[in-house]
Amino acid sequence: MSKVEEFEELRPLLFSIAYRILGSVSEAEDAVQETWLRFDGSATRPASAKAFLSTAVTRISIDVLRSARVRREQYVGPWFPEPLLNDPYQDPARSVELADSVSMAALLLLERLSPLERAVFVLREVFAFGFDDVAAAVGRSEAACRQLLVRARRHMEAGRPRFAADGQERQELATRFFDALKDGDVGGLTDLLATDVQLVGDGGGKAPQFAKAVMGAENVARLLGTAFPWLFRIDVSFEPHDVNGQPGAIFRDRDGKVLYILVIEVLDGQIQTVRGVMNPDKIRHIGPVADAWAIDREVKRARRQPN
């Protein structure tokens, strides 16, 4: 194969590695592009394109993550990963690991790790790289990588929920949730939410968002059940779509522009978390972005008008 053909064959894997290390679609795409430039500019043909490219994209991603840490510490409000609608890399033998590792909950757990721990965990636990390849990719000894993995596993296991929902249960709850949301059915929403449910939005200071986190089933149901019908009155629509492997929806304005992304996390038969991503910089890769501030003003005008 030519260099281009080799690279394109491995592109889905490279993006999936970079996205899990970085939690950003745009930064992962940039890392993959930089990897291609290094591959194309290499004077010699590596014995293994996969080894060369996975090492390059891992090291680039680690460097980007280190610089991104400062920006994330200064981020306005809660920080969430950029929503991923479709993971380009598929491996039937590791479908469970791939799906679990791309959820927002898992990516937020990965934020607890150092860049090296995160890279080692992603390569070994998610993609089943041998320790020799992991060591080569991160530039550490195999023994050091084993220790990094032990620490990473400890952090990840400490934050994982004990009960997970199967796919059918998640989809059934999601259907009922979005039906109740559309109808403004506060009681129906309350029945689906865990007692300690959280509603959290990531606007990054660039879009209207919930005031910090809203806690508790009654509070979350009341906010959702009263706010969303007003959006639908001004022709906001939504389309159900898996987001990071979890049930969610893309909300659009009347012109079809992306307003925000909503994703729910289901555990033990109830919705535990509702996350909204409104920051326009994080949803731009999905399509043209709506003016969320204009939508907010239009809703406020509609609510002031007499029935």
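Provided above is the structure to which this section pertains.
Described below are features of the structure shown in this document. Keep in mind it's a predicted model, so treat the numbers as computed, not measured.

## Concerning the overall build of the protein chain
(1) Moving on: In terms of helices and strands, the protein chain carries 13 helices and six strands.
(2) Moving on: Relative to a compact globule of 307 residues, whose C-alpha radius of gyration would be 19 Å, the protein chain shows 21 Å and is just as compact.
(3) Moving on: Once the C-alpha set of the protein chain is aligned to its principal axes, its extents read approximately 75 × 40 × 35 Å.
(4) Moving on: The buried share of the protein chain, taken over its 307 residues, is 50%.
(5) Moving on: Of the contacts formed within the protein chain by residues at least 6 apart in sequence, a portion of 67% connects residues at least 24 apart.
(6) Moving on: Total accessible area on the protein chain stands at roughly 14700 Å², and carbon and sulfur atoms take up 49% of it.

## What to know about the packing of helix α6 (residues 115–126) against helix α7 (residues 131–138)
(1) Moving on: Running from N to C, α6 and α7 cross one another at 145°; their axes reach a closest spacing of 10 Å. Crossing geometry of α6 relative to α7 is assigned as right-handed. Contacts between α6 and α7 involve L116, A119, V120, L123 and R124 from the first element and F131, V134, A137 and V138 from the second.
(2) Moving on: Among the residues forming the contact of α6 with α7, the class breakdown is eight nonpolar, no polar and one charged.

## Focus: a negative patch on the surface
(1) Moving on: Together, D179, D183, D185 and D191 give the surface a local cluster of negative charge.
(2) Moving on: Mapped onto the elements of the fold, D191 is located in helix α10 (residues 186–192).

## What to know about the packing of helix α1 (residues 3–22) against α6
(1) Moving on: At their nearest, the axes of α1 and α6 sit 9 Å apart, and the two run at 135° to each other. Here α1 is positioned oblique relative to α6, judged by the angle of their axes. In terms of crossing hand, the pair formed by α1 and α6 is right-handed. Counted together, I17, R20, I21 and L22 of α1 and R118, A119, V122, L123 and V126 of α6 form the full contact between these two elements.

## Overview of the nonpolar core
(1) Moving on: Counting 48 residues, the largest nonpolar core has I17, Y19 and F127 as the members making the most contacts within it.
(2) Moving on: Put simply, the parts of the chain that give this core at least two residues each are α1, α2 (25–41), α3 (49–73), α4 (95–102), α5 (104–110), α6, α7 and α8 (142–159).
(3) Moving on: Among residues more than four places away in sequence, those in contact with Y19 are S24, V25, A28, P81, E82, P83, L84, V102, L107 and N244.
(4) Moving on: One finds L173, A221, F228 and A292 within the second-largest nonpolar core, a separate group that totals 38 residues.

## Concerning the sheet that holds strand β4 (residues 248–252)
(1) Moving on: Here we have six strands laid out as an open sheet, ordered β2-β1-β6-β5-β4-β3, and mixed in their pairing. Here the strands that pair on one side only, and so sit at the sheet edges, are β2 (213–215) and β3 (237–240). Strand-to-strand twist in this sheet, taken as the mean axis angle between neighbours without regard to direction, amounts to 15°.
(2) Moving on: In this structure, β3 lies alongside β4, joined through four bridges in antiparallel fashion.

Quick notes on the rules
- Just so you know, the residues in each chain are numbered from 1, in the order the chain's sequence is written.
- Whole-chain, interface and lining totals are the exception, using all residues; otherwise, since this is a predicted model, local features are given only for residues with pLDDT of at least 70 and side-chain atom pairs are given and counted only at 80 or more.
- Derived side-chain values reflect all non-hydrogen atoms in the structure, with water molecules and hydrogen atoms excluded from consideration.
- The numbering of helices and of strands both runs from the N terminus, where a helix is a DSSP run of H or I of at least 4 residues and a strand a run of E of at least 2.
- Using C-alpha atoms as the atom set, the radius of gyration is obtained and then compared with a globule rule of 2.2 Å times the number of residues to the power 0.38.
- Burial here depends on accessible area, computed with a 1.4 Å probe over protein chains only, as a share of the maximum for the residue type. Under 20% is buried, over 50% is exposed, and the range in between is partly exposed.
- Contacts are assigned to residue pairs with any non-hydrogen atoms lying within 4.5 Å of each other.
- Computed with the Shrake-Rupley method and a 1.4 Å probe, the accessible areas treat only the protein chains shown as cover for residues.
- Throughout, an axis means a line fitted to C-alpha atoms (over the contacting stretch in the case of helices), and angles, computed between N-to-C directions, take values from 0 to 180 degrees.
- Each crossing is labelled by how the near helix is turned from the far one, with a counterclockwise turn of less than a right angle marking it left-handed and a clockwise turn marking it right-handed.
- In the scheme used here, Gly and all other residues not listed as nonpolar or charged are polar, with Ala, Val, Leu, Ile, Met, Phe, Trp, Tyr, Cys and Pro taken as nonpolar and Asp, Glu, Lys and Arg as charged.
- Each patch groups residues whose relative accessible area exceeds 30% and which form no salt bridge, using 9 Å between like charges and 5 Å between nonpolar side chains of Val, Leu, Ile, Met, Phe, Trp and Tyr.
- Criterion for a salt bridge: a side-chain nitrogen of Lys or Arg within 4 Å of a carboxyl oxygen of Asp or Glu.
- In this tally, Asp and Glu contribute negative charge and Lys and Arg positive charge; neither His nor the terminal groups of the chain are included.
- Where a charge sits is defined by one atom per residue type, namely NZ (Lys), CZ (Arg), CG (Asp) or CD (Glu).
- Should an angle fall under 35 degrees it is called roughly parallel, over 145 degrees roughly antiparallel, and 65 to 115 degrees roughly perpendicular, with every other angle called oblique.
- The criterion is simple. A nonpolar core is a set of buried Ala, Val, Leu, Ile, Met, Phe, Trp, Tyr and Cys residues joined through side-chain atoms within 4.5 Å.
- Paired strands, in this sense, are two strands between which DSSP finds at least two bridges.

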